[in-house]
Structure formats: structure tokens, C-alpha cells
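This is what each chain is made of:
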Amino acid sequence: MRDAFSLYFYYCKTSMKAWFQYRVDAFLRIFAVMARESTAVIIMYITFLSFKNIGGWTINELLFLFSFMFLTYGIFIIFFTGLRDFQYMVIQGDLDKLLIRPRGVLFQLLASNSDWFAALGHGLLGIVVFIYSSSKISIEWTMQKIILACSCVCSGVLIQGALFLMFASLSFFIVKTDNLRNVLYWNIKSFMGYPISIYPKLIQYFVVYIIPLAFVNYFPSQLLMGVFKEGNIFPAVYISISRCSWNGFVRVKLSFLAI
């Protein structure tokens, strides 16, 4: 275990050096990511010039909702960039190099690369929005709530990682998974900037039980604001299913190589 951690941090150090070798360019790209993601917040603000609330949620509560999407994605992309780009490894034949190394394929994928520009762009914006919005909605921060908030962020990271693990698993059988990921992740994620209670029941069930992004920001924000008091083990089941599907598909790949 200690050896695995030291190897992982070595990978991270190498990745950071590669991404930040041109520092001015790096900071401009981070700023560009922040500016791009800020447009959603600006559009929401413009919307609230005409409406006092949306589905009973004020602008500060919606900003709190947004902050979880930014924060969790910023952390997520540090650890799961390899899964995002996995289809290209399969197409170019680079996966075979990982299969013959004395380390797990998934470990190598998670450790080998990190999109630091997206991580810092989303993460910094998420921190700013989180601090601002939480101060405006008067959340009473106790040690229990701080631990709860950290656990909510961690679970949001793992849920998105499970989704990308599912998409990466499909790369063994589908040439390109970009379109599928765009529809089932990015398009659905755009719905999550607003409370799911304003959507039809079909969409609500979809983002809770099929693509469970509601557990990334909607339920955690309600929990911290003292509105939602019930738990749900479904995300844990979803993560387990994603891990099992990955193991199964890797075994299929190895069986093909052995033929």
C-alpha cells in the first residue's frame, strides 16, 4: 500500500510538471475554464432579474447548488482524467502497455494523468461560489456539518468517477464513447444547475436512479441546509456495479489477447 501511494504521488508530480511547463499558458487556460463555467452563474443571475425564486429556491440557494457541481468536478478530474480519455488509449493501442505492467490497469489509468487546468478552473470557482453562497443562506457550521460537507463532496466525486468508469468500460466494445458520454453526462449535468423538483417525474427518477447526479449536488445541498434528512444507499450500489463491470470487461479484453 505504501509503495502504491508513493508511485501515485510520483505520477502526480510528473503530471503537474508536464501540464505547467509553460506557466503563462497554464494560468491563461485555468482562467479560461473559470470564465467559461462562470457563464452558467451569470445566466442564472440574469434569470433572477425576472423571477424572485425558482421552485422555491432563492438565487443564493441555487448558487450553493452550483458550487457542489464545480467543487466535485474539480476534484474528480484530478483522479479520473485517465477514464475520460480511455477511449483514445483503446483506439491507439496504448492500453496493451498497461496490461503487461506489474500494476493494476485501473490504478495506472487513475495515476497516469490529471487535467490540472480543468481541476483548478472548476475547483477555484467552486470554492468561491461555495463560500459566498453558504454565508448568504446562513448555514450554521458545526464540526458535524463540516464533516458532512466533506463526505458529500467525496461521494459526489466517487459517483462521477463511477459514471466515467462505466463509459470507459464500454470503450472495449464501442469505438468512440464521446457521444454517449455527452448525452448521459454532460447534457444531464446541465439539468443539475437547478433543483430537480422543477422537472417532470421522469427526469427526476432518471437523475436519481439511472444517472444519479442528484446525489452530487441536489441532495447534499438540501442535507446541509437542513431540508433533506434521509439517506440513500443507491450511489454506493452504483459505484459497486461500475467497478464490477470494469473488472468483467478487462477480463474479456485479456481473454481476447490470449487467443
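Refer to the preceding data block for the structure.
So, a few notes on the structure that sits alongside this text. (Residues numbered from 1 in each chain as written. Predicted model: local features only at pLDDT ≥ 70, side-chain atom pairs only at ≥ 80, totals over all residues. Heavy atoms only, no water.)

**A word on the side chain of Arg181**
Turning to step 1, where the next piece is worked out: Its place among the elements puts Arg181 in helix H9 (residues 178–191).
Turning to step 2, where the next piece is worked out: Overall, the relative accessible area of 8% leaves Arg181 in the buried class. (Helix = DSSP H or I, 4+ residues; strand = E, 2+ residues; numbered from the N terminus. Buried < 20%, exposed > 50% of the residue type's maximum accessible area, 1.4 Å probe, protein only.)

**Structural notes on a nonpolar patch on the surface**
Turning to step 1, where the next piece is worked out: Together, Ile42, Tyr45, Ile46 and Leu49 make up an exposed nonpolar region whose accessible area comes to about 450 Å².
Turning to step 2, where the next piece is worked out: Along the chain, Tyr45 turns up in helix H2 (residues 23–47). (Patch = residues over 30% accessible without salt bridge, like charges linked within 9 Å, V, L, I, M, F, W, Y side chains within 5 Å. Areas by Shrake-Rupley, 256 points an atom, 1.4 Å probe, with all protein chains shown as cover. Salt bridge = Lys/Arg side-chain N within 4 Å of Asp/Glu carboxyl O.)

**Observations regarding the environment of Thr58**
Turning to step 1, where the next piece is worked out: Mapped onto the secondary structure, Thr58 falls in the loop between H2 and helix H3 (59–84).
Turning to step 2, where the next piece is worked out: Given a relative accessible area of 34%, Thr58 falls into the partly exposed group.
Turning to step 3, where the next piece is worked out: Residues Thr58 and Ile137, 79 residues apart in the sequence, show an inter-C-alpha distance of 9.2 Å.
Turning to step 4, where the next piece is worked out: With residues near it in sequence (within four places) discarded, Thr58 still touches Phe48 and Asn53. (Contact = heavy atoms within 4.5 Å.)

**What about the pattern of salt bridges?**
Turning to step 1, where the next piece is worked out: Across all of its chains, the model carries six salt bridges by this definition.
Turning to step 2, where the next piece is worked out: The partner of Arg84 in a salt bridge is Asp115, and the shortest N-O contact between them spans 2.8 Å. With a gap of 31 residues between them, Arg84 in helix H3 and Asp115 in the loop between helix H6 (105–112) and helix H7 (116–136) connect regions that are remote in the sequence. Here Arg84 and Asp115 have matching classes, each one buried.
Turning to step 3, where the next piece is worked out: Via salt bridges that share partners, Arg84, Asp85 and Asp115 belong to a single interconnected network.

**A word on the packing of aromatic side chains**
Aromatic rings considered in pairs are described by the distance between their centres and by the relative angle of their planes.
Turning to step 1, where the next piece is worked out: Counting across every chain of the model gives 20 aromatic pairs.
Turning to step 2, where the next piece is worked out: Where Phe20 meets Phe117, the ring centres are 5.9 Å apart and the plane angle is 85°; that geometry is what we call edge-to-face. Of the two residues, Phe20 is situated in the loop between helix H1 (2–19) and H2 and Phe117 in helix H7; the sequence distance between them amounts to 97 residues.
Turning to step 3, where the next piece is worked out: The buried category is assigned to Phe20, whose relative accessible area is 18%.
Turning to step 4, where the next piece is worked out: Assessed through its relative accessible area of 7%, Phe117 is described here as buried.
Turning to step 5, where the next piece is worked out: For the pair Phe164 and Tyr185, a centre-to-centre distance of 4.9 Å together with 85° between the ring planes defines the contact as edge-to-face. In this pair, Phe164 is assigned in helix H8 (residues 143–170) and Tyr185 in helix H9, connecting sequence segments 21 residues apart. (Phe/Tyr/Trp six-rings, centres within 6.5 Å; stacked < 30°, edge-to-face > 60°.)

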